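Structural overview
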Amino acid sequence: MIIAVDAAARDTTEAEHVLHELLAPVHAPVVACTHLVSGDGPPHYAVSVTGTAVGLEQHVRAWAAGRGAGVAITRAGASSPDLAGPSTLVRGAYVAAVEAALGSAGRLVRWPGHEHAYGVLTAADLRARCGIDQIEALGGLPVEDDSRIDTLGFLRPIRRVTGTVLQVQPAAGGLLIPFELEHQQKCCADH
Amino acid sequence: MGHSHGHEHGHGHGHGHGHDHDHHHPNAELDAATLAALDESIPDRELSPSEVSRRSLLRSAGILGGTAALAVTGAQAAAAAAPKNVPGWIFRQGKRPNVWLAGDHHIHTQFSSDGMYRVVDQARHAAAYGLDWLVITDHGGATHARIGVDLVNPQIKAARSELKDTLIFQGLEWNIPAAEHGTVFVAPGSREVEVLKQFENSYDGSVKGASGNSPANEALAVAGIQWLGQQVDRRRVQDALFLANHPARNGIDSPHEIRNWRDADPRIAVGFEGAPGHQAAGLPSTIGPGSARGFYGNAPGANSFPGYPLESYRTWGGFDWMTSTVGGLWDSLLAEGKPWWISANSDSHVNWNETSRRPDGSNQAQFDRDGRYMDPVHGTTVNRTAGDFWPGYYSRTHVGADRRDYVSVMEGLRAGRMWVDHGMLAKGVEVEVREVGQRYGEPLGGALLVRRGRPVELVVRITTQTMPNWANFVPKLNRVDAIRGAVTGAVSNKDSFTAPDTKVVRQWDTSGKRGTFELVLPLGRAEEPFYVRVRGTDGNRSQPGYLGAAIDPAGPQLDVVGDADPWVDLWFYTNPIWVLPKK
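Every chain's residues receive numbers from 1 upward, in the order its sequence appears when written. A letter from A marks each chain and a number from 1 marks each ligand, given out in the order of writing. This being a predicted model, a pLDDT of at least 70 is required before a residue's local features are given, and a value of 80 or more before pairs of side-chain atoms are given or counted; all residues contribute to the totals for chains, interfaces and linings. The side-chain numbers reported here are obtained from all heavy atoms of the structure, hydrogens and water having been left aside.

Re the packing of aromatic side chains
Residues and elements named next belong to chain B. Formally: Two aromatic rings from Phe, Tyr or Trp, using only the six-membered ring of Trp, form a pair when their centres are within 6.5 Å; if the ring planes differ by under 30 degrees the pair is stacked, by over 60 it is edge-to-face, and anything between is tilted. Only DSSP runs of H or I reaching four residues or more are called helices, and only runs of E reaching two or more are called strands; each is numbered from the N terminus. To sort residues, take the accessible area from a 1.4 Å probe on protein chains only and compare it with the maximum for the residue type: under 20% means buried, over 50% means exposed, and anything in between is partly exposed. To sit over a ring, a charge needs its Lys NZ or Arg CZ within 6 Å of the ring centre and within 35 degrees of the ring normal.
Tallied over the full model, the rule gives 33 aromatic pairs over all chains. Ring centres 4.0 Å apart and planes at 25° place the aromatic pair phenylalanine 319 and tyrosine 573 in the stacked group. In this pair, phenylalanine 319 sits in the loop between strand 6 (269-275) and helix 9 (321-324) while tyrosine 573 sits in strand 20 (residues 571-574), placing the two residues 254 residues apart along the sequence. Comparing phenylalanine 319 with tyrosine 573, the two get one shared label, buried. Between phenylalanine 473 and tryptophan 567, the ring centres sit 6.4 Å apart and the planes meet at 80°, which makes this aromatic pair edge-to-face. Note that phenylalanine 473 is positioned in the loop between strand 15 (455-464) and strand 16 (479-486) and tryptophan 567 in the loop between strand 19 (530-537) and strand 20, a separation of 94 residues in sequence. One aromatic cluster is present, formed by Tyr129, Trp352, Phe389, Tyr393, Tyr394, Trp470, Phe473 and Trp567 through successive ring pairs. Positioned over the ring face of tyrosine 373 is arginine 358, at 3.8 Å from the centre of the ring. Of note, lysine 513 hangs over the ring of phenylalanine 517, and the distance from its end group to the ring centre comes to 5.1 Å.

Thoughts on the nonpolar core
Residue and element names in this part refer to chain B. Quick reminder of the rule: As used here, the term nonpolar core means buried Ala, Val, Leu, Ile, Met, Phe, Trp, Tyr and Cys residues forming a set that is joined through side-chain atoms within 4.5 Å. For the domain bounds, the source is a domain assignment made automatically or taken from a database. A contact between two residues is defined here by any heavy atoms of the two lying within 4.5 Å.
Core analysis: the biggest nonpolar cluster contains 98 residues, and Trp133, Ile168, Trp174, Phe242, Trp261 and Phe272 have the highest contact counts within it. Per element, the largest residue contribution to this core is six residues, and it comes from helix 7 (residues 215-233). Two domains share this core, each providing at least three of its residues, namely domain 1 (99-411) and domain 2 (427-581). When sequence neighbours within four positions are dropped, the list of residues in contact with tryptophan 133 reads Leu101, Ala102, Gly103, Asp104, His105, Leu167, Phe169, Thr397, Val399, Val409 and Leu413. One finds Val431, Val450, Val456 and Ile577 within the second-largest nonpolar core, a separate group that totals 42 residues.

Thoughts on the sheet that holds strand 18 (residues 516-525) of chain B
Residue and element names in this part refer to chain B. The line we're drawing: For two strands to be treated as a pair, DSSP must find at least two bridges joining them.
Taken in spatial order, the four strands make up an open sheet running 13-12-15-18, and their pairing is antiparallel. Only two strands of the sheet have a single neighbouring strand rather than two, namely strand 13 (442-443) and strand 18. With nine bridges joining them, strand 12 (residues 426-435) and strand 15 adopt antiparallel strand pairing. From the neighbouring strand, valine 433 faces strand 15, where its bridge partner is leucine 458.

A look at the domain arrangement of chain A
All names here are of chain A. Cut-off, in case you're wondering: By convention, the term buried area covers the 1.4 Å-probe accessible surface removed from two parts as they join, with the contributions of both added. For this document, the term salt bridge refers to a Lys or Arg side-chain nitrogen within 4 Å of an Asp or Glu carboxyl oxygen. Here a polar contact is recorded for every N or O atom pair within 3.5 Å, except that within protein the pair must consist of a potential hydrogen donor and a potential acceptor, and residues adjacent in sequence are included only if both atoms are side-chain atoms.
Per the domain assignment, the segments making up chain A are domain 1 (2-110) and domain 2 (114-178). With centres defined by C-alpha atoms, the gap from domain 1 to domain 2 works out at 26 Å. Approximately 890 Å² of surface area, both sides summed, lies buried where domain 1 meets domain 2, with 53% of it carried by carbon and sulfur atoms. For the pair domain 1 and domain 2, the number of links is one salt bridge. One salt bridge in this structure joins arginine 156 and glutamate 16, with 2.8 Å as the shortest N-O distance. Taken together, the connections running from domain 1 to domain 2 amount to three residue pairs in polar contact (both at pLDDT 80 or more).

Considering the domain arrangement of chain B
Residues and elements named next belong to chain B. Here is the rule we go by: Classification used: nonpolar for Ala, Val, Leu, Ile, Met, Phe, Trp, Tyr, Cys and Pro, charged for Asp, Glu, Lys and Arg, polar for all others including Gly.
The domains assigned to chain B are domain 1 (99-411) and domain 2 (427-581). Computed from C-alpha coordinates alone, the two centres of domain 1 and domain 2 are separated by 25 Å. With 54 residues of domain 1 at the interface, the matching set in domain 2 holds 50 residues. Interface of domain 1 and domain 2: buried area, both sides summed, is about 4200 Å²; carbon and sulfur atoms make up 63% of it. Run the count over domain 1 and domain 2 and you get three salt bridges. Note that arginine 533 and aspartate 331 form a salt bridge whose closest N and O atoms lie 2.9 Å from each other. One can count 25 residue pairs in polar contact (both at pLDDT 80 or more) joining domain 1 with domain 2. Secondary-structure elements contributing two or more residues to the side of domain 1 that touches domain 2 are helix 8 (255-264), helix 9, helix 10 (329-334) and strand 7 (341-344). Counted by class, the side of domain 1 that touches domain 2 contains 25 nonpolar, 20 polar and nine charged residues.

A few points about the interface of chain B and chain A
Contacts between the two partners involve 61 residues from chain B and, on the opposite side, 55 residues from chain A. The junction of chain B with chain A conceals about 4400 Å² of combined surface from both sides, 59% of it contributed by carbon and sulfur atoms. Three residues stand out in chain B for area buried against chain A, namely Glu29, Ile63 and Ala302 of chain B, and they jointly supply 14% of the buried area on that side. Applying the counting criterion to the chain B and chain A interface returns zero salt bridges. Along the contact surface separating chain B from chain A lie nine residue pairs in polar contact (both at pLDDT 80 or more). Those elements giving two or more residues to the side of chain B that touches chain A turn out to be helix 2 (32-38) and helix 3 (49-60) of chain B.

In C-alpha cells form, the structure reads like this:
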C-alpha cells in the first residue's frame, strides 16, 4: 500500500514534519519519502509512505481531512487509487504516489537500512548494510570502498531509476559528509 | 584530483537534464516515459519495453486509474513579458578611468533583522580597511519598509559628514520576487529615502508576499527594475542600480530570471556578485564557524531551478559557481553580447573574531517595534562562529571612475570598468584590448570596435602587491589566466547556462614577478565578435574546471565545508572586454 499526502509543505523540513505526524502511530518498518511537486502552482513538497502499517490509513485520512490536505491511497491490484482532498493537492499526492510506486524518484526519509546508517561508515558499509546503492561526491571527487563518510546522524538519499543514491561532499579531515545537511541556512537567518 | 565531470556534464546539458524545456510545464515532475505509461489511451503495443514495464508496475500498485488528478492545472502564463522601450545595450568606449575606487555594495547594519552594527561602525571600518565607497543594504521587509528605511538615513548622512573621503550610498537588500536577494541603491539626493521606500513597499518579495516561484512574481521583479529606471527618467533620483546577490546560493535565480532582469532595463540591472560575502564562514571549527564558505551550504529546495547541478550550491575558490565556471552561466550571458558584470562584497552582518554584541533586551520584538537593534556593546568574548569580514577586510570591488564622486562610481559600475579580488591579491589590474600598433585600446567593460581583419591584442598590466593584506602577509600572484569566448548572440533558450566556445586560452606563470609588468596576448585578426576576460590566483588550490580540463585546466577548487581558509585561496577576476569587428 502507498499512502501519499500533499499538505503543501514549502520545504523539506515542513514535509518531514508532515511525515513525522503521519507516522506517529506506526512502529512497523516503512519507506517514507518527500517528493518535489513543481509542475503546477507554487513548487512544494508532498510525501509518501509505502508499507503495510496497521491503522495508518485511518490515521492519515483523519489527519489529512483536518488539514485540508490531498491524499492518494493505492492498494496493490486495485483498478484505481482512492483520492481525497482539494484537487490541486490531490494532484501532488498522486504524483508522489506514482513516484513511490516506480521507486525512481523522491528523497528518502525512512528506508530499509536507515537504522544502521549512523556514525562514521565506509562507503562499502553504507552499500552493504544501509540500503544505499551508490555514493556520489561533488566536484568529481572519487568515492572508494574505504572512503569514510560521517553521516552526521542525518542521511537523506535520493531515489533514481538506477537505485538509491547518497550524495556526499568533501569535509575537513579527509572525510566525506552528506551533501544535504540537517540544518539549512535560512535566507535571512540571524548568522 | 580526478574529475570525471567534463564530458558527462557537457553532454548532459543538451540532452535531458531537464532544463532545456520550460520548467513551468504542468507535469514537470514526471518524465515522458512515465506519462506515457500512465496514459491508458495509448495501447501497450505503442509503448517501449521500459514504458510497458512502468505501466505494469503502476498497474500492480493500483495507481493507474487516477490520472485525472494530473489534469488539474492553474494559470501557466508565459514568463515575464518582453520589455518595451528598452534602451540599447550599454557599451562605453574610450572611457579610460582616471581613478580606481575600491568598494562594497552589500553591507548590513542594526536596521537589518540579522544585523548589529551602526552605519558608522561599518563605514569607519570600511574606510580603515581601504574602501573608497560602500552601500548600506539592510534587508527589505515589513519593519524596514515601515520605518527602517527612514531611520537609517540620518545615520548615513552623519557618516558622510564624519568620513569626508568615503562615499556612502543608501540602498537596500531587495528580496527579489520569486528569487534571491539583490542590492538596489540610488545616488544621494533629496529623494533617496522616498524612492527607496516606495520601491520597497511596491516590489519587495517579503513585503508583498511574493517570494515563491510564479510567473506573476517574476513579472513583479521585472516591473521593479523598470520602475527604478522610470525614477531616473523622471529625475526623482539621479541614478539607480541593481545587482543580484549570492545568485547560486539556493539555486533559485534561474537563468531566464537573470536574463529577464538584465533585459528589463540594462541601465539599472548591471550584474551579480561574482563572489558572495560571508567568506569567513568556511574557517575550520577550531577557529571559525566550520560552515560552508559564503554560507553556501544548502541543498536544492522547492523553488530551485531543477537544471542546476549540486556543484552550483557550493563556492569554488570563494566564487559563486555561476562566475567560477569557465563556459558557465556568466559566460553564457556574456556570449550574448550583452553587458553583465560581477562584483565582490562582504555581506557583513556580524563579523568573525569580533567582541561586540547586541545588548541585553535587544531582541526580535524590540527590533520589530523600533525598526533597529540597540547599539552594540562590548561582549567580553570573541565571536568565532560569525562568518563575515568587515567591509574591505577581504573582498574588494575596484571601480574605474572619472572622478571620486557618487555618480562616477555608479557610472563605472554600469560601464563594467571593474575587477574584484580577495585578500588584496593584486595592487593593480588594468586590462585593455587594442588594435596591434595602437597605443590605447578599450578598458574593462568596453567594446573595441575595429575594422574586420585587423589584428588585436590583450594587454594585462599587473601591479603586484607590496602591502600586506589584513591577515598581515603580502599575497603572491602566481598565475594569471586569459579567458576568451565567441559572441554568439541572443540565446533561443533563456534557461541555457553554458557557453560552449568559451575557454581558458592562456595561462601565465607570474610567480616571482615584482612591480608592474605587462602580459600581452595576441588575439589574432578580428573576424567575428568575441570577448576576453582575465583571472588570477595565488595558485594554492586548483582543479580542472567544472566543465572539464579542456575548458579550464586549472580552475578554482570546490570549497570544502568546514575546511575553507579563505586566506590561502586567493583569486582576482576582471570583467570582460568585447571585440566587435566592423565591416
